[in-house]
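# Structural features, examined
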Amino acid sequence: MSLSDQSSSSTQHASHQPQGSMRTLMLGAIGVVFGDIGTSPLYTLREAFLPHYGLKPDPGTVLGLLSLILWSLVLVVTVKYVMIIMRADNKGEGGIMALMALAQRALGTANKRLRYVLGILGIFGASLFFGDSVITPAVSVLGAVEGVEVAAPHLKQWVVPISLIVLFVLFLFQSRGTAKVGRIFGPVMVLWFVTIAAVGVWHIIGQPQVLAAFNPYHAVRFFVQHGWLSYFILGAVVLAITGGEALYADMGHFGRAPIRAAWFWMVLPALLLNYFGQGALLLSNSEAAKGNPFYLAIPAWGLYPMIALATLAAVIASQAVISGAFSVARQAMLLGYIPRLTIRHTSESAEGQIFVPAVNRILLVLVMLLVLAFRSSTKLAAAYGVSVSGTMLIDTLLLMVVAYNSWPNSRRWVLPIAGLLLLVDIAFLGANVVKFLDGAWVPVALGIIAFTMMRTWRRGKQLVAESLRSQQLDLDVFLGSLAAHPPHRVPGTAIFLSPNADNVPHALLHNLKHNKVLHERNVILGVRTLDAAYAEPEERCTTKELGDGFQQIILRFGFAEEPDVPAALVHGICGMQFDMMDTTFFSSRETLVAAEHVGMPLWRDKIFAFMARNATSATDFFRIPGNRLVELGTKVEI
């Protein structure tokens, strides 16, 4: 499938895309998606001129840095994400988990080992994205509030308390939903981009020679002039593209076209104008490199209003990765990598706009702890970049697999470009890894913890399924025994939830053993999650008549859907009629027992048991009403 084919096929799933006018969706995207990358001018050039890089703001250095920033935005964000990766949508959904599912599906079922490797890459990339979701709010808000130090140095001690209050309000506001957040934040971000662009133009007019940085020659000359040590400056340049991965992760919230239009028509021009304006300031006043070029570029009369606007913009910057974290968490959950969590849909027209309370609470606590531990955006900037560049590197690898296997008409030019982008990603990652002891260990540690928990959950679920399967009876044998010794039947329908619809569910055996009755109609129900974002109508349900009042139903949902089992049955998508008032659901609840010599190491068993205790129950997750549910317990050793 070519990129054009991929694009056209995506239109078949338009019903899953956010609905609304292009202008409204663009405004929402500007308010939610571009906050992170849009506030990078607050600290990028400031970090580049920190003493440990040893750079002086002479014309060659300034033009070289601006050229590096410009071409990083063009290659990594524009070419890689906006033009190529955003075409690899999984029925409208984006993000690293969606891309992983696409790559695995592109391989088919033959190459199991490579599918496993891609799964590991996708999980680790998602883990790094969660680490980025913790650092971005902290560094963005601190970087904005630190403008107070420029305007009134005696208020420095208030930077951290103000930042904590701002962050608390931000996370409290998440429950209102991405759509409402976008409508409120959109106009603020439009004002932000217009303002920083105007500031940039004002300084460029005074130093128009700064526009020479459009020539990539200055980027090459920068490396030649400063030698091999100049490689490490990429650790600061990467700050200009942080948030680029959120464009793809947030695609399910607003759709591809509004995000692209907003990037080309507003965000990219405004960012370039402001970076070039800061560069023009440095050419006219080299002393600005010792302070904060962003705030020093603001006229004195506009400093306090800009601090207020920057703080609002930084709050919005956090929104991009927070909403992206909600999307990635839902995808990981439905693909079986994290426990079931409560999900609240915050829009009636856009399925991708969700709120995950548990993820919101975890991010809030971690962000607060990070602010209290580092206490400045300069210290946090050292930690910033590893998770972003790691996620971007994995995105490129997954893209290459998708392009090679699914885009035969386009891979001849996509793969060479992806190869070039892979070198760029490796360069950025290497430049950031050297900052490990200065704080880069934080996102790595968060990523490893998240990765360990995701792998533990996945493996633990496999062990539970294997243990239950070893205790189950074959369905054909069970039905044969019923024919020989028929039990007493009672009116109504019984639906038995089972992870393996080919065996007899534990709940069915326990009900028959203790109550010694069967319903007139018995349904063995399995629920499957596909590696596609949305299930097609023809694959939504399969049924099988087993005889003697038994039926087998398999319901399938995409990883971006909400699996509402009663609604699916009542709406008749399986071609059968169900009266919920005459139907009882039966489910088994497993009690996990950690065993020292079975399955995983004991410490992982305990982590899995803890996660299982705090997970939303399957019946709640599948929207099964409590007054129609009977749960029967069973003990499982792992």
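In this text the structure is predicted, and so the values were computed from the model without any measurement.

### Description of the overall build of the protein
- Check the secondary structure of the protein and you find 27 helices and 8 strands.
- The globule rule puts the C-alpha radius of gyration for 638 residues at 26 Å, and the 27 Å found for the protein is close to it.
- Projected onto the principal axes, the alpha-carbon positions of the protein cover approximately 95 × 55 × 50 Å.
- Counting contacts in the protein only where the partners sit at least 6 residues apart, residues at least 24 apart contribute 83% of the total.

### Details of the environment of Ala212
- Take Ala212: it is sitting in the loop between α10 (178–206) and α11 (217–226).
- Residue class for Ala212 comes out partly exposed when judged on its relative accessible area of 33%.
- For Ala212 and Leu63, which are 149 residues apart along the polypeptide, the C-alpha to C-alpha distance reads 7.2 Å.

### A short note on helix α9 (residues 159–173)
- Between its first and last C-alpha, α9 extends 21 Å over 15 residues, near the 21 Å set by a 1.5 Å rise per residue.
- Within the span of α9, buried status applies to Val159, Val160, Ser163, Leu164, Val166, Leu167, Leu170 and Phe171. Along the axis of α9, the buried positions cluster into a sector of 165°, meaning they face one direction only. The outward face of α9, more than 90 degrees from its buried face, is lined by the exposed residues Ile165 and Leu172.

### Re helix α6 (residues 96–107)
- Taking 1.5 Å of rise per residue, 12 residues should cover 16 Å, and α6 covers 17 Å from first to last C-alpha, within 8% of that figure.
- Counting buried residues along α6, 11 of its 12 residues qualify, which places the element largely inside the surrounding structure.
- All of the buried residues along α6 are Ile96, Met97, Ala98, Leu99, Met100, Ala101, Leu102, Ala103, Gln104, Ala106 and Leu107.
- One or two positions beyond α6, positive phi appears at Gly108, with a value near 80°.

### Comments concerning the confidence of the model for the protein
- On average, residues of the protein score 82 in pLDDT, and 91% of them are at 70 or above.
- Scored below 50 in pLDDT, residues 1–16 shows 31 contacts in the model against residues more than four places distant or in partner chains.

### Regarding a nonpolar patch on the surface
- A grouping of Ile165, Phe168, Val169 and Leu172 is seen on the molecular surface, where their side chains present a nonpolar patch of about 410 Å² in accessible area.
- Mapped onto the fold, Leu172 is located in helix α9.

### Regarding the packing of helix α5 (residues 59–84) against α11
- Two numbers describe how α5 lies on α11: the axes approach to 7 Å, and their chain directions differ by 125°. One way to sum up the angle between α5 and α11 is to call them oblique. Crossing of α5 against α11: the hand is left-handed. Judged by residue contacts, Gly60, Thr61, Leu63, Gly64, Leu65, Ser67 and Leu68 of α5 engage His218, Ala219, Arg221, Phe222, Phe223, Gln225 and His226 from α11.
- Along the lines of polarity and charge, the residues of the contact of α5 with α11 split into 6 nonpolar, 7 polar and 1 charged.

### Some details on the pairing of strand β6 (residues 550–557)
- In terms of burial, β6 is a largely internal element, 7 of the 8 residues being buried.
- Hairpin connection, strand β5 (residues 541–547) to β6: the antiparallel pair is bridged by 2 residues, and Asp548 has positive phi, about 60°.

### What to know about the nonpolar core
- Membership of the largest hydrophobic core comes to 184 residues, with the highest contact counts inside it found for Phe34, Leu73, Trp192, Phe193, Trp263, Ile553 and Leu555.
- In terms of residue count, the dominant contributor to this core is helix α17 (residues 303–334) (17 residues).
- In this structure, Trp263 is in contact with Phe34, Ile37, Leu73, Val77, Thr78, Val82, Leu268, Pro269 and Leu271, ignoring residues within four places of it in sequence.
- Judged by nonpolar contacts, the second largest core, of 14 residues, contains Ala494, Val504, Leu518 and Phe586.

### Quick notes on the packing of helix α7 (residues 112–145) against α9
- Orientation of α7 relative to α9, taken along the N-to-C sense of each, is 130°, at an axis distance of 9 Å. Judged on the interaxial angle alone, α9 and α7 are oblique. Every pair of crossing elements has a handedness; the one defined by α7 and α9 is right-handed. Only Val159, Ile162, Ser163, Val166, Leu167 and Phe171 of α9 make contact with α7, whose side of the interface consists of Pro137, Val141, Leu142 and Val145.

### Some thoughts on the pattern of salt bridges
- Scanning all chains against the criterion turns up 4 salt bridges.
- Where Glu287 meets Lys290, a salt bridge forms, and the shortest distance between an N and an O atom there is 3.1 Å.
- Of the residues examined, Glu287 reaches a relative accessible area of 46% and is grouped as partly exposed.
- A salt bridge links Arg489 to Asp548; the shortest N-O distance between them is 3.3 Å. Taken as a pair, Arg489 in strand β3 (residues 488–497) and Asp548 in the loop between β5 and β6 lie far apart in primary sequence, 59 residues in all.
- Taking relative accessible area as the criterion, Arg489 reaches 26% and is therefore assigned partly exposed.

### Let's talk about the packing of aromatic side chains
- Applying the stated criterion to the full structure yields 11 aromatic pairs.
- Ring centres of Phe478 and Phe550 lie 6.3 Å apart, and the angle between their planes is 85°; this geometry places the pair in the edge-to-face category. Of this pair, Phe478 sits in helix α23 (residues 475–484) while Phe550 is found in strand β6, placing the two residues 72 residues apart along the sequence. Note on accessibility: Phe478 and Phe550 belong to one class, buried.
- Directly above the ring of Tyr404 sits Arg411, whose terminal nitrogen or CZ lies 4.9 Å from the centroid.
- Across the ring face of Phe578, the terminal group of Arg521 is positioned such that the distance to the ring centre comes to 4.2 Å.

Criteria and cut-off values
Residues numbered from 1 in each chain as written. Predicted model: local features only at pLDDT ≥ 70, side-chain atom pairs only at ≥ 80, totals over all residues. Heavy atoms only, no water. Helix = DSSP H or I, 4+ residues; strand = E, 2+ residues; numbered from the N terminus. Rg over C-alpha atoms; globule rule 2.2 N^0.38 Å. Contact = heavy atoms within 4.5 Å. Buried < 20%, exposed > 50% of the residue type's maximum accessible area, 1.4 Å probe, protein only. Expected span 1.5 Å × (residues − 1). Arc of directions from axis to C-beta. pLDDT = per-residue confidence, 0-100. Patch = residues over 30% accessible without salt bridge, like charges linked within 9 Å, V, L, I, M, F, W, Y side chains within 5 Å. Areas by Shrake-Rupley, 256 points an atom, 1.4 Å probe, with all protein chains shown as cover. Salt bridge = Lys/Arg side-chain N within 4 Å of Asp/Glu carboxyl O. Axes fitted to C-alpha atoms, helices over the stretch in contact; angles between N-to-C directions. Parallel < 35°, antiparallel > 145°, perpendicular 65-115°, else oblique. Left-handed = near helix turned anticlockwise from the far one by under 90°. Nonpolar A, V, L, I, M, F, W, Y, C, P; charged D, E, K, R; others polar. Pairing = 2+ DSSP bridges. Core = buried A, V, L, I, M, F, W, Y, C linked by side-chain atoms within 4.5 Å. Phe/Tyr/Trp six-rings, centres within 6.5 Å; stacked < 30°, edge-to-face > 60°. Lys NZ or Arg CZ within 6 Å of the ring centre and 35° of its normal.

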